[in-house]
Number of protein chains: 2
Amino acid sequence: MPSTDLAFADRDSHRRWLAGQAALPGGFRAGTAALEFTPAEAARPARMRLALIALDRPTPAFAAVFTRNAFPGAPVLIGRRRLGGGALGAVLVNNKISNVCAPEGVERSERLCAEAARLLGLAPGEVLPSSTGVIGWQLPIEAMVAALPAAVASLRRDTILPVAEAILTTDLYPKVRRAALPGGASIVGIAKGAGMIEPNLATMLVYLLTDAAVDREACRAELAAAVEGSFNAISVDSDTSTSDTVALLASGEAGPVDPGAFRDGLRRVCRDLAEDVVRNGEGVRHVLRVRVRGAPDAAAARALGKAIVNSPLVKTAVAGNDPNVGRLVAALGKEAGARGIPLDPARTRLTLGGEPIVDGGVFRLDAALEARLVAHLAGAELYPQRPAADGITFRPPVDFPRHERCVELGVEVGGGPGVAEVLGADLTHEYVTENADYRS
Amino acid sequence: MPSTDLAFADRDSHRRWLAGQAALPGGFRAGTAALEFTPAEAARPARMRLALIALDRPTPAFAAVFTRNAFPGAPVLIGRRRLGGGALGAVLVNNKISNVCAPEGVERSERLCAEAARLLGLAPGEVLPSSTGVIGWQLPIEAMVAALPAAVASLRRDTILPVAEAILTTDLYPKVRRAALPGGASIVGIAKGAGMIEPNLATMLVYLLTDAAVDREACRAELAAAVEGSFNAISVDSDTSTSDTVALLASGEAGPVDPGAFRDGLRRVCRDLAEDVVRNGEGVRHVLRVRVRGAPDAAAARALGKAIVNSPLVKTAVAGNDPNVGRLVAALGKEAGARGIPLDPARTRLTLGGEPIVDGGVFRLDAALEARLVAHLAGAELYPQRPAADGITFRPPVDFPRHERCVELGVEVGGGPGVAEVLGADLTHEYVTENADYRS
């Protein structure tokens with residue numbers, strides 16, 4: 001990460017770039033519909049969007065990985081079953097309600113799939129459902145069924161952008177990435193996810209579409225490998241969603257492609273989308289990139305990197321452009337102590353923005369270095385914090401990614417072979433505002 | 001927890017109660033001194049306090065447990081050595097700088113011990129040092145040595161309250177708890193700690209003094225047992241300090257006491273201090289108490305409880321008095337999924353404020369229940385959030401604990417024997433303000 005180094009001056013230029021990313025591969029159509037309902041569990045009306053991705057012909061070449069959360073949503077339970085089925089012909093997604101531990105959760109989700117399948121001329125088991133949003137509420141099944149024909153009627157071949165927008169919840173902007181493959185084929189991926197982000201073998205909702213002809217076994221092997229170094233290496237807030245899903249569908253329309261080119265393209269799209277998810281995380285003003293070297297193995301390296309990006313004290317210090325480097329050591333030491341990862345203080349070396357701050361296990365700090373570290377942190381800020389007009393409510397002032405710069409942390413902990421790259425985010429007033437009353 | 005159910009109407013009544021708790025057991029004296037210095041690592045002058053606890057006669061009956069952080073502070077390294085020594089005659093604590101990974105860290109801390117020992121007529125190895133504060137800076141050794149005579153001159157037999165105040169950093173108020181023992185003996189404990197709080201076998205700085213005659217073996221066994229259910233069962237922000245220390249010193253002045261009464265008193269003081277640390281945690285407006293039952297074992301029960309109180313999404317929802325109960329399920333499921341703890345959804349039952357919210361793995365929610373849950377959360381608030389006058393800086397409006405009410409969570413996850421009680425805290429704008437520029 002990253003494979004790109006983009007910068008956008010305003011919302012319009014970002015939206016134009018997104019439109020270029022969003023061209024659908026051959027053999028796919030995409031559409032959306034909106035509905036209003038009043039949840040039984042709350043007093044106020046709410047809005048929901050449906051998003052539909054349809055294949056011209058159901059494909060046996062698909063793969064999906066799901067959350068390891070022990071309370072998976074009903075669509076995840078259904079999705080695991082779909083993996084054993086013969087083919088997929090459509091994906092149906094709703095936002096606003098995640099359908100987790102809800103009464104009749106599986107029944108309602110299956111009924112939606114059956115209705116969509118009927119409208120599309122598919123078998124019910126050929127529709128993969130996804131839901132994201134509030135946990136605990138029931139799907140408003142009648143209103144959703146009533147909105148399905150509008151979603152089918154809106155299906156179009158040119159762009160996935162409306163679907164990338166329809167699946168969002170607290171995200172500030174859609175996330176679309178594409179890789180061109182030799183011979184005119186492509187891979188296009190979309191993602192949603194801004195909070196409850198520390199995926200464990202998957203991330204929020206990610207859909208990867210390709211017209212390359214790849215078989216089912218290749219889809220599943222390549223997707224599993226690609227998520228390891230991308231969605232499984234990020235954390236916004238250390239919370240693992242109950243709905244995490246990454247699905248890959250291959251229409252085959254463009255014929256076979258070089259397997260190496262497909263692998264590279266898939267990994268690049270996954271890495272870029274994973275970084276997009278962090279950059280657009282709830283209240284994120286800084287993305288942290290931690291490169292760990294010298295750990296006993298890759299798992300230990302990733303655990304140490306995650307410990308840094310998940311430390312509330314590191315995250316708040318970064319939010320304040322405060323190079324409180326002592327907290328990096330505390331976070332590393334906590335994880336190593338708790339997991340029994342052997343660290344050699346004499347070989348420990350930390351850098352921030354390329355500047356050595358700990359060498360041989362000892363801090364090397366002075367006032368001039370401090371000023372350079374502050375400048376590095378300030379330079380990676382995605383937007384400046386604005387005082388809250390009402391004294392309490394903080395909102396990000398931008399809804400596009402101004403740049404792709406990160407707070408760069410280097411961590412060497414010894415002479416072992418374990419390396420990892422982990423992305424995380426700061427912890428800001430905007431995050432607290434977003435989550436102190438999310439459902440309202 | 002808790003063994004008390006206190007409430008205070010104002011700062012003065014809390015301070016009066018503290019003064020009553022703070023009477024020193026026989027055989028101890030306590031004193032403090034203040035100093036100013038300019039850190040080499042920063043431009044602005046800073047203030048530090050020294051705190052000294054001295055025994056009339058060095059005692060072989062002492063115990064201490066330290067952080068499991070893999071980058072322990074120099075005083076922790078020295079303290080581990082002291083455990084093998086013959087006796088302790090004094091404890092010397094400084095705030096403002098934690099002396100972790102600092103150049104000459106151990107040398108400077110040992111020199112302070114030697115100077116204090118000389119002034120008190122002790123051997124250098126009979127002084128236990130502690131440091132807390134910024135990680136990365138060096139101790140200002142000359143200024144500290146110069147302030148030691150003033151600390152010795154201030155030693156007094158009546159109260160530990162000035163020491164309980166001198167060891168604070170971001171704490172809003174001192175934490176002192178006592179247990180009276182049969183026959184006139186007592187146990188008095190003090191604690192500091194408000195951030196970087198998820199102790200692993202100890203907590204920030206805790207000193208427990210008793211005039212009961214207990215031998216070294218009993219001190220060590222009873223302390224190890226007492227910290228398990230107290231300091232090891234709390235988390236403010238999931239960060240484990242590099243300086244965590246809990247020390248118990250017995251002067252023996254009051255003669256032998258019933259071992260059961262000593263054990264009960266020690267555990268009560270530890271539990272109460274641990275709860276005080278959470279209640280006074282950085283930016284804490286709500287204390288969460290999670291009681292877990294039915295887990296496979298006690299370790300799994302504690303891990304599930306910790307997962308709930310460490311979830312940023314649970315913590316921010318509680319901060320907003322928002323009963324976003326779906327996040328409880330997500331947090332439980334994340335931990336169980338990641339650790340492979342078997343959960344039986346059909347036997348999962350959650351309560352909030354005594355109200356069932358999940359039963360048989362399914363949510364039981366309606367608008368009337370929602371209103372009762374909001375009232376429970378609001379009733380446990382320690383103080384109301386005030387809009388920031390400058391739009392950014394949030395400060396708690398009180399510096400005393402108004403009450404000891406908690407947000408009460410019940411979690412049943414199956415039929416196993418594992419139970420645990422875990423205390424945690426919400427995540428507020430006050431926490432972000434406190435930690436975005438802590439060192440200034």
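What you are looking at is a predicted structure, and each value in this text was computed from that prediction instead of being measured.

**Q** Sorry if this is basic, but what is going on with the packing of aromatic side chains here?
**A** Aromatic ring pairs are reported here in terms of the distance separating the ring centres and the angle at which the planes meet. Taken as a whole, this structure holds three aromatic pairs over all chains when the rule is applied. Each ring, one from A:Phe394 and one from B:Phe394, has its centre 6.0 Å from the other, and the planes form 55 degrees; the classification is tilted. Of this pair, A:Phe394 sits in the loop between α11 (367-379) and β14 (407-412) while B:Phe394 is found in the loop between α11 (367-379) and β14 (407-412), placing the two residues in two different chains. The pair A:Phe394 / B:Phe394 is uniform in exposure class, with both members buried. Just above the ring of A:Tyr173 sits the side chain of A:Lys175; from NZ or CZ to the centre is 5.4 Å. Of note, B:Arg220 hangs over the ring of B:Phe62, and the distance from its end group to the ring centre comes to 4.9 Å.

**Q** What is the right way to read the sheet that holds β14(A) from this model?
**A** Hydrogen bonds between backbone groups are what pair the strands of a sheet, and the pairing can be parallel or antiparallel. Residues and elements named next belong to chain A. Strand order across the open sheet formed by six strands is β13-β12-β11-β14-β10-β15, with mixed pairing between neighbours. Two strands in the sheet have a free side with no partner beyond their single neighbour: β13 (362-363) and β15 (418-425). When strand β12 (residues 355-359) meets β13, the two strands line up antiparallel, connected through two bridges. When the sheet's bridge partners are listed, Asp-359 is paired in β13 with Val-362. Sheet strands in contact with α11 are β11 (349-352), β12 and β14, and its direction is about 120 degrees off that of β12.

**Q** Would you mind showing me how to read the relation of the copies chain B and chain A here?
**A** Comparison of the two chain copies shows a relationship of rotation about an axis with a shift along it. Least-squares fitting of chain B to chain A yields an RMSD of 0.0 Å, with the superposition described by an axial translation of 0.0 Å and a rotation of 180 degrees. Here the symmetry operator amounts to a two-fold rotation axis. Looking at the rotation axis and the C-alpha trace of chain B, the residue lying nearest is B:Gly391, at 2.3 Å. Comparing contact sets, 100% of the residues at the interface of chain B also lie at the interface in chain A, consistent with an isologous, same-surface contact.

**Q** What's the story with the interface of chain B and chain A in this structure? I'm lost.
**A** Interfaces are frequently sized by the accessible area removed from exposure as the parts join. Listed by partner, the interface residues are 67 residues for chain B and 68 residues for chain A. Note on chain B versus chain A: buried area summed over both sides is about 5,600 Å², and carbon and sulfur give 62% of it. If you look at where chain B meets chain A, you find zero salt bridges. Inspection of the chain B/chain A interface yields 15 residue pairs in polar contact (both at pLDDT 80 or more). Looking at the side of chain B that touches chain A, the elements with two or more residues in it are α9 (312-319), α10 (326-339), β13 (362-363), α11 and α12 (429-436) of chain B. A total of ten residues in the side of chain B that touches chain A trace back to one element, the largest contributor, which is α10(B).

About the thresholds
Residues numbered from 1 in each chain as written. Chains lettered and ligands numbered in written order. Predicted model: local features only at pLDDT ≥ 70, side-chain atom pairs only at ≥ 80, totals over all residues. Heavy atoms only, no water. Phe/Tyr/Trp six-rings, centres within 6.5 Å; stacked < 30°, edge-to-face > 60°. Helix = DSSP H or I, 4+ residues; strand = E, 2+ residues; numbered from the N terminus. Buried < 20%, exposed > 50% of the residue type's maximum accessible area, 1.4 Å probe, protein only. Lys NZ or Arg CZ within 6 Å of the ring centre and 35° of its normal. Pairing = 2+ DSSP bridges. Contact = heavy atoms within 4.5 Å. Axes fitted to C-alpha atoms, helices over the stretch in contact; angles between N-to-C directions. Least-squares fit on C-alpha atoms with pLDDT ≥ 70 in both. Buried area = accessible area lost by both parts, 1.4 Å probe. Salt bridge = Lys/Arg side-chain N within 4 Å of Asp/Glu carboxyl O. Polar contact = N/O pair within 3.5 Å; in protein donor to acceptor, adjacent residues only side chain to side chain.

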